[in-house]
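Structural description and commentary
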Amino acid sequence: MATLSDVQLLCDHCGETCTDNSITNGDKYFCCQGCKLVYEILNENDLCEYYSLNNKPGVAQRIPVRKDKFAFLDDEKIQQQLLQFRDDQQTHVTFYIPYIHCSSCLWLLENLHRLDPGVQKVTVNFTRKEAQVVFRQSQTSLRKVVETLTSIGYEPYISLEDLQQKKPRVQRDLIYRIGVAGCCFGNIMLLSFPEYFSGHSYSDPKLNLLFRYLNLLLSLPVFFYSAQVFFRSAWSSLKAGFLNIDVPIVLAIIVTFVRSLSDVFSGHGAGYFDSMTGIVFFMLAGRILQEKTYQGLSFDRDYTAYFPIAVSVIKAGKEIPTALPDIKINDSLLIHNDELIPADGILIKGHAVVDYSFVTGESLPVRKSVGEIVYAGGKQLEGNIEIMTIKEVAQSYLTSLWNREEIKNPVAKEASFIHLLSRYFTWVVLWIAVITATYWWVYEPARIWPAVTAVLIIACPCALLLAASFTNGHILRILSRHRLYLRNAAAIERLARINHIVFDKTGTLTSKTISTANYIGLPLTPDQTAAVASLAAQSSHPLSQSIAANYGNNDRLPVRGFKSVTSQGISGWVQEHFIEMGSAAFVDAPKLVTTDGSTVFVAIDGQVTGYYSIGNQFREGMPVLLKQLQKKYALSLLSGDNNREMPYLRTLLGPSSTLLFTQQPQDKLNYIIQLQQQGNRVLMIGDGLNDAGALKQSDVGISIAENSNNFTPASDGILEAAQLPQLPHFIKICKANKRIIIISFIISLIYNITGLFFAVQGILSPLTAAILMPASSISIVLITYGLSEWADRH
Amino acid sequence: MTWPSFVINYYTMSVIIILLGASLLVALFFLAAFIWSVKNGQFEDSFSPAHRVLFEDKPAVHICKKSCDNKNCKSAICKN
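Residues numbered from 1 in each chain as written. Chains lettered and ligands numbered in written order. Predicted model: local features only at pLDDT ≥ 70, side-chain atom pairs only at ≥ 80, totals over all residues.

The next thing to look at is the overall build of chain B. Each helix and strand counted, chain B has two helices and zero strands in total. Within the span of chain B, comprising 80 residues, buried residues form 1% of the whole. (Helix = DSSP H or I, 4+ residues; strand = E, 2+ residues; numbered from the N terminus. Buried ≥ 20, exposed ≤ 12 C-beta atoms within 10 Å, placed from the backbone.)

In terms of regular secondary structure, chain A is built from 26 helices and 28 strands. Taken over the C-alpha atoms alone, chain A extends approximately 110 × 70 × 55 Å along its principal axes. Counting the 794 residues in chain A, one finds 44% classified as buried.

Another point: the UniProt feature "domain: HMA" (unreviewed entry) in chain A. As recorded in UniProt, the feature "domain: HMA" (unreviewed entry) lies at residues 91-157 of chain A. Annotation note: span residues 91-157 of chain A, helix share 27%, strand share 30%, distance between end C-alpha atoms 19 Å. (UniProt positions renumbered as here; feature names shortened; annotations may be inferred.)

Residues and elements named next belong to chain A. With antiparallel pairing, four strands are arranged side by side in an open sheet as S3-S4-S6-S5. Both outer strands of the open sheet, strand S3 (85-86) and strand S5 (119-125), are each paired with one neighbouring strand and no more. Note that S3 and strand S4 (residues 90-96) share two bridges and pair antiparallel. Across the sheet, residue Phe-85 finds its bridge partner in S4, namely His-92. Where helix H4 (residues 103-110) meets the sheet, it contacts S5 and strand S6 (130-136), and its direction lies at approximately 160 degrees from that of S5. (Pairing = 2+ DSSP bridges. Contact = placed C-beta atoms within 7 Å. Axes fitted to C-alpha atoms, helices over the stretch in contact; angles between N-to-C directions.)

Turning to helix H11 (residues 273-290) of chain A, a few remarks are in order. An ideal rise of 1.5 Å per residue puts 26 Å on 18 residues; H11(A) measures up with 26 Å between its terminal C-alpha atoms. Here H11(A) lies mainly inside the structure; 16 of its 18 residues are buried. (Expected span 1.5 Å × (residues − 1).)

All names here are of chain A. Three or more residues of helix H5 (residues 142-151) are buried, namely Leu-142, Val-145, Val-146, Glu-147 and Leu-149. Residues of H5 that are buried in the fold lie against helix H3 (76-82), S4, S5 and S6. Among the residues trailing H5, Gly-153 stands out with phi positive, at a value near 90 degrees.

With that settled, the discussion passes to the pairing of strand S22 (residues 599-604) of chain A. Looking down a regular strand, the side chains alternate between one sheet face and the other. All names here are of chain A. Among the six residues that make up S22, six are buried, leaving the element largely enclosed by the rest of the structure. Pairing of strand S21 (residues 577-582) with S22, which is carried by four bridges, proceeds in the antiparallel orientation. When the bridges of S22 are listed, Gly-582 appears paired with Phe-601.

Parsing chain A into structural domains produces domain 1 (71-158), domain 2 (308-341 + 344-390), domain 3 (484-510 + 619-728) and domain 4 (513-618). The C-alpha centroid of domain 3 of chain A is placed 38 Å from the C-alpha centroid of domain 1 of chain A. (Domains from an automatic or database assignment.)

Moving on, we get to the sheet that holds strand S13 (residues 373-374) of chain A. If you walk across this open sheet you meet the six strands as S8-S7-S9-S15-S10-S13 (chain A), and the pairing is antiparallel. The open sheet has two free edges, formed respectively by strand S8 (318-323) and S13 of chain A, since each of these has just one partner strand.

Before going further, it helps to examine the nonpolar core. Residue and element names in this part refer to chain A. Val-280 and Val-455 are the most contacted members of the largest nonpolar core, which has 183 residues in total. Val-455 has contacts with Val-429, Ile-432, Ala-433, Thr-436, Leu-756, Ala-759 and Val-760, leaving out every residue within four places of it along the chain. In terms of nonpolar packing, the next biggest core, distinct from the first, is built from 24 residues, Ala-548, Val-587, Ile-604 and Tyr-611 among them. (Core = buried A, V, L, I, M, F, W, Y, C linked by C-beta atoms within 7 Å.)

Residue and element names in this part refer to chain A. The interhelical angle for the contact between helix H7 (residues 173-196) and H11, taken along N-to-C directions, is 150 degrees, at an axis separation of 9 Å. By the angle class used here, H7 and H11 are roughly antiparallel. Along this stretch, H7 crosses H11, giving a crossing that reads as left-handed. Contacts from Leu-174, Arg-177, Ile-178, Ala-181, Gly-182, Cys-184, Phe-185, Ile-188, Met-189 and Ser-192 of H7 reach H11 at Phe-273, Asp-274, Thr-277, Gly-278, Val-280, Phe-281, Leu-284, Ala-285, Arg-287 and Ile-288. Here the residues of the contact of H7 with H11 sort into 13 nonpolar, four polar and three charged. (Parallel < 35°, antiparallel > 145°, perpendicular 65-115°, else oblique. Left-handed = near helix turned anticlockwise from the far one by under 90°. Nonpolar A, V, L, I, M, F, W, Y, C, P; charged D, E, K, R; others polar.)

Next up on the list: the confidence of the model for chain B. Residues and elements named next belong to chain B. For chain B, per-residue confidence averages 70 on the pLDDT scale, and 54% of positions sit at 70 or higher. Segment residues 74-80: pLDDT under 50, and 20 contacts once partners within four positions in sequence are set aside and those in other chains are kept. Two numbers describe this predicted complex: its pTM, 0.77, and its ipTM, 0.73. (pLDDT = per-residue confidence, 0-100.)

A separate point is the UniProt feature "transmembrane region" (unreviewed entry) in chain A. Residues and elements named next belong to chain A. Sites flagged by UniProt as "transmembrane region" (unreviewed entry) map to residues 174-193, 213-231, 238-258, 270-289, 424-442, 448-471, 740-760 and 766-787. The distance separating the terminal C-alpha atoms of residues 213-231 is 25 Å; by composition the span is 95% helix and 0% strand. Across residues 238-258 one finds 71% helix and 0% strand; the C-alpha atoms that close the span lie 21 Å apart.

Residues and elements named next belong to chain A. Phi is positive for Gln-575, which is not a glycine, with a value near 50 degrees. With respect to the helices, strands and loops of the structure, Gln-575 is situated in the loop between strand S20 (569-574) and S21. Non-glycine residue Asp-605 carries a positive phi angle of around 50 degrees.

Turning next to the environment of Ala437(A). All names here are of chain A. With respect to the element layout, Ala-437 can be found in helix H13 (residues 417-443). When the 18 C-beta atoms within 10 Å are taken as the criterion, Ala-437 is described as partly exposed. Note: C-alpha distance between Ala-437 and Pro-450 (13 residues apart in sequence) is 9.8 Å. In contact with Ala-437, other than residues within four places in its own chain, are Ile-448 and Val-452.

Moving on to the pairing of strand S19 (residues 559-565) of chain A. Residues and elements named next belong to chain A. For S19, the buried fraction is low: zero of the seven residues fall into the buried class. Direction of pairing for S19 relative to S20: antiparallel, over a ladder of five bridges. Bridging from a neighbouring strand, Val-559 pairs with Val-574 of S20.

On average, chain A scores 81 in pLDDT, and the residues at 70 or more come to 90%. Low pLDDT (under 50) marks residues 1-6 of chain A, which in the prediction has nine contacts with non-local residues, meaning those over four places away or in another chain.

Moving on: the environment of Ile348(A). Residues and elements named next belong to chain A. Inspection of the secondary structure puts Ile-348 in strand S10 (residues 345-349). Assessed through the 14 C-beta atoms surrounding it within 10 Å, Ile-348 is described here as partly exposed. Filtering out sequence-adjacent residues up to four positions away, Ile-348 remains in contact with Ser-332, Val-370, Glu-386, Ile-387 and Met-388.

See below:
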């Protein structure tokens with residue numbers, strides 16, 4: 001009997017627990033053949049430095065990759081869409097490789113040329129988890145490169161999305177603009193210094209004149225290039241018949257610029273070039289902070305990111321890899337084990353065991369026999385099947401969700417309160433300007449021009465915009481520190497205002513990976529339990545795995561005569577008992593009323609003793625979270641599963657909550673629309689594609705990711721699963737956002753009023769403006785930073 | 001508009017003007033350097049370059065030694 005030593009054996013490749021010590025190479029132990037294979041390849045090529053850079057850096061290779069999986073990469077048409085560049089000599093292509101996670105990965109990938117001499121160069125972008133590969137097509141091929149990458153455990157993720165659109169490149173435009181603005185602003189400040197002290201004897205009037213013209217020159221790129229962002233935004237808002245905050249700001253920038261030009265040309269003064277360039281610089285900084293993007297994340301995924309790029313079509317007995325958009329009705333598709341069904345079709349060959357959790361949220365696999373319809377989005381779990389398509393990919397049941405009007409043209413979400421506030425502000429400023437003008441018209445008409453322009457300059461709502469963009473930026477950063485990644489600043493405000501929270505069950509409230517197996521039936525002795533667990537450990541079926549996991553990973557007994565019948569069950573001898581586990585039919589058990597795919601019957605020596613009921617486990621902290629949320633928000637639960645857990649969920653979510661079961665993706669979407677029509681502001685929390693419609697329709701849709709490698713559907717935010725219990729805190733931070741903006745705005749108003757005091761009298765000197773402007777900007781930056789940190793702690 | 005008088009007697013300020021030109025040139029140089037570095041993608045990935053520099057680049061000849069007796073050696077420069 002081969003019991004393991006007490007010390008847990010960890011795989012030398014990936015660091016996961018080894019179930020036994022049978023897989024070895026030299027003094028290394030591995031958890032699976034896949035890990036061993038990778039080690040051997042690296043060892044043969046003297047690439048073992050991979051293991052010395054980091055401890056056990058690999059990724060588990062338990063699920064082998066099918067041999068011809070990448071045959072479609074030989075197809076010229078598909079290649080063309082994937083490649084970035086190709087000439088007679090070489091080809092450039094960029095792969096998204098989700099497994100990139102440490103410096104070992106970096107090292108190994110950039111040494112790929114040692115495994116495949118045709119590869120010339122690999123450059124890894126770690127943040128984006130991308131590898132750019134340059135290779136000579138005369139020596140290797142796209143398929144070979146991908147297969148080499150896969151053989152060492154770095155399988156590129158190639159999806160239908162890659163075929164349809166080019167990924168948007170990083171936006172560098174704002175960075176250039178702020179660079180120019182910063183350079184000009186700094187130099188103008190320097191050149192303005194003599195002017196500030198021009199009242200004193202130690203400045204030379206001739207030099208001052210030179211400095212003024214230089215300032216004018218330096219302000220041109222700021223006005224015509226850097227500030228263009230604001231001009232464009234103001235213009236588009238005017239065209240749409242809506243006054244956003246950029247309109248008064250643009251007005252102020254133009255007035256400042258014109259006033260300064262007239263000052264310099266007429267020789268009256270130096271103008272306010274320093275203030276103007278400074279404000280543009282600070283506002284650009286705020287905008288960049290607020291529009292920070294998370295490079296590793298995507299908020300716009302639809303089904304194409306989940307679907308494979310190609311599938312095998314059987315034509316005249318041959319498998320031909322075909323790109324998904326080229327699949328026609330009545331094609332017969334060969335779906336391999338663990339592949340996604342790309343289009344609705346009729347099963348014509350094989351036993352289908354389809355996992356529809358993607359589409360419906362129902363966690364248990366569904367069995368289908370020949371002649372039945374299988375829907376796109378399901379994943380075939382056991383063996384290969386053939387289906388005949390009855391609909392094209394884009395017209396299938398799941399994908400047609402994206403053809404709906406609500407999804408294609410979402411209703412414009414509410415405008416931020418900043419714009420409303422800026423409108424009042426603008427009116428007040430205009431009134432002050434009019435009153436000032438009337439006053440000076442009566443007493444000293446010569447002063448109208450300087451006084452009115454000064455009022456417009458000083459009272460630009462830049463402070464409000466700065467307060468808003470810096471606060472939003474800080475809040476986004478704080479939330480991302482807690483692993484809630486919001487798509488943009490507008491989502492903060494909407495999250496603060498929600499009053500109804502809708503949860504998905506499977507994968508959101510429950511964990512996707514951890515499941516529990518409850519045994520119901522005649523009591524088992526510890527020996528019997530160990531025997532059952534040992535048998536279950538032999539099978540890779542998810543249900544057997546969760547039964548085995550229930551008893552820990554130690555002390556496995558040897559199993560003789562192990563037999564596995566696909567989609568039926570497993571059997572084998574453990575010590576002197578013959579154990580069978582599987583469906584009711586497999587062990588000859590009486591059918592139960594509640595029989596579904598999650599029940600595994602156990603028979604010992606031909607005697608049925610009972611069954612395991614396997615369910616998903618609720619995430620840690622869910623009862624506390626739901627109890628907390630009940631007090632403030634209306635709660636709903638939409639589940640694709642059946643209602644067998646209804647009583648428990650009712651106690652979790654409280655008596656006033658709405659629980660809906662067997663919800664299809666369309667039903668979920670409709671429910672959200674219905675809530676919104678009743679005037680609710682809805683936060684939807686879900687995962688998977690089955691929630692995609694609801695996530696998009698809701699006021700704020702947050703998708704849950706188990707880890708950052710997970711794919712999440714289009715949403716306003718991505719939240720790491722472990723952080724879900726902190727949700728009330730996140731909403732609180734978002735609520736603080738508005739308060740912080742208003743507080744810092746009021747503080748900046750004090751600066752504005754001080755400035756106005758000088759402005760209405762027509763004696764606003766460039767020095768006063770030059771002190772007030774950066775002082776108010778910097779204090780806003782500091783105040784927003786301090787207050788948002790404080791909001792996070794309390 | 002009157003023609004600035006400094007044009008006439010700028011010799012008195014020539015030092016300042018030279019310095020001014022120099023300082024603006026330096027500023028422009030740094031602006032150009034900044035734009036170049038952004039265009040070059042130097043701010044996009046802060047992880048890879050920092051770690052890449054620590055890798056020991058083994059010269060290709062050492063990859064497979066003469067004494068390599070591995071029959072399955074697939075290394076591109078294996079002598080055997």
